[in-house]
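Examination of the molecular architecture
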Amino acid sequence: MTTPRPRALVTGASRGIGAAIARALAPTHDLLLGGRDARTLEAIARDLPGKAGPWAVDLADPGSLAQAATDIDRLDVLVHNAAVAEPGTIADTPLDAWQRIFAVNLFSAAELTRLLLPSLRRCQGQVVLINAGSGLRIKAHRGPYAASKYALRAFAEALQAEEAPNGVRVTSIHPGPTDTELQRKAADRAGREYRPDQFLRPESVAAAVLNAVRAPADATVTRTVVESTTRR
């Protein structure tokens, strides 16, 4: 009887860090690619080795999230990568912006984890949360985003404390600024030249995720900070 390959769900898999994580896991894992655009996810899945398919859902919609999670009865790795950012000062950020940021960056991760914990426990699985440097230190004009990432770090630490006895491992990855659409848009808003070589490559963040997933069964990589060697 053939042993099934481990199964991983990666949210925010349609581009950037999420797509890089999917490519890193594809040789060893069957994949569910999370995102809102099913066609984009299907195109990515076709280019991956092994078994991969789209998991199209709006993470900010609790009803849709619950429905999409219903059919996942086996899961070895859950990677929370989806995130949104709306730069601005505290004084200029209205309540609805805070709600949008926390809905994706924290609430969806908490709810999806809750829904999938039975499967993760059965598989002695792992939850990987892609946090940020903003989850460790705060800069001006990033207060709401940083607050969501600090909260995500607290969620990860609480989850680790509660689920370690059940065999579920929890890892937080804190990458520095990474060459993604988010950084390109930030450069456009600031009117400055965008230089990809000054940022981490998404593949470098994906390598940190793969390292955590490959850790021996008697070890947990609880937190990894990834910084660029070229950023000035």
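Here the structure is shown first, and the text comes after it.
Quick look at the structure, then. If you're wondering where the values come from, they're calculated on a predicted model, not measured in any experiment. (Residues numbered from 1 in each chain as written. Predicted model: local features only at pLDDT ≥ 70, side-chain atom pairs only at ≥ 80, totals over all residues. Heavy atoms only, no water.)

**Some words on the sheet that holds strand β1 (residues 7–10)**
Spatially, the seven strands line up as an open sheet ordered β3-β2-β1-β4-β5-β6-β7, and their pairing is parallel. Of all strands in the sheet, those with a lone pairing partner are β3 (52–56) and β7 (223–226), marking the two edges. Within this sheet the neighbouring strands show an average axis-to-axis angle of 15 degrees, counted without direction. Sheet topology note: the strand β2 (residues 30–35)/β3 ladder contains five bridges and is parallel. Across the sheet, leucine 33 pairs through a bridge with proline 54, a residue of β3. (Pairing = 2+ DSSP bridges. Helix = DSSP H or I, 4+ residues; strand = E, 2+ residues; numbered from the N terminus. Axes fitted to C-alpha atoms, helices over the stretch in contact; angles between N-to-C directions.)

**Points about the environment of valine 170**
With respect to the secondary-structure elements, valine 170 resides in strand β6 (residues 169–175). In this structure valine 170 comes out as buried when scored by relative accessible area, which is 3%. Here the alpha-carbon distance between valine 170 and leucine 159, two residues 11 residues apart in the chain, equals 7.1 Å. When near neighbours in sequence (up to four residues on either side) are disregarded, valine 170 contacts Val127, Leu129, Ala156, Leu159, Gln160, Thr220, Val221 and Thr222. (Buried < 20%, exposed > 50% of the residue type's maximum accessible area, 1.4 Å probe, protein only. Contact = heavy atoms within 4.5 Å.)

**Observations concerning the packing of helix α1 (residues 16–25) against helix α7 (residues 202–213)**
Angle between the axes and distance between the axes: these two values describe a pair of packed helices. Across the interface, α1 lies against α7 with an axial gap of 8 Å and an inter-helix angle of 50 degrees. As judged from the angle between their axes, α1 and α7 are oblique. Taken as a pair, α1 and α7 cross one another with a handedness that is right-handed. Contacts between α1 and α7 involve Gly16, Ile17, Ala20, Ile21, Arg23, Ala24 and Leu25 from the former and Pro202, Glu203, Val205, Ala206, Val209, Leu210 and Val213 from the latter. (Parallel < 35°, antiparallel > 145°, perpendicular 65-115°, else oblique. Left-handed = near helix turned anticlockwise from the far one by under 90°.)

**Focus: α7**
Taking 1.5 Å per residue, 12 residues should reach 16 Å; α7 reaches 17 Å between its end C-alpha atoms and fits that length. Against α1, β4 (77–80), β5 (126–130), β6 and β7 lie the buried residues of α7. (Expected span 1.5 Å × (residues − 1).)

**So, the pattern of salt bridges**
Tallying each qualifying case throughout the model produces 12 salt bridges. We note a salt bridge from arginine 100 to glutamate 86, for which the minimum N-O separation is 2.8 Å. A residue pair is termed long-range when its members are at least 10 positions apart, and arginine 100 in helix α4 (residues 95–122) and glutamate 86 in the loop between β4 and α4 qualify at 14 residues. Using a relative accessible area of 28% as the deciding quantity, one classes glutamate 86 as partly exposed. Taken together, the salt bridges that share partners define one network made up of Arg23, Arg201 and Glu203. (Salt bridge = Lys/Arg side-chain N within 4 Å of Asp/Glu carboxyl O.)

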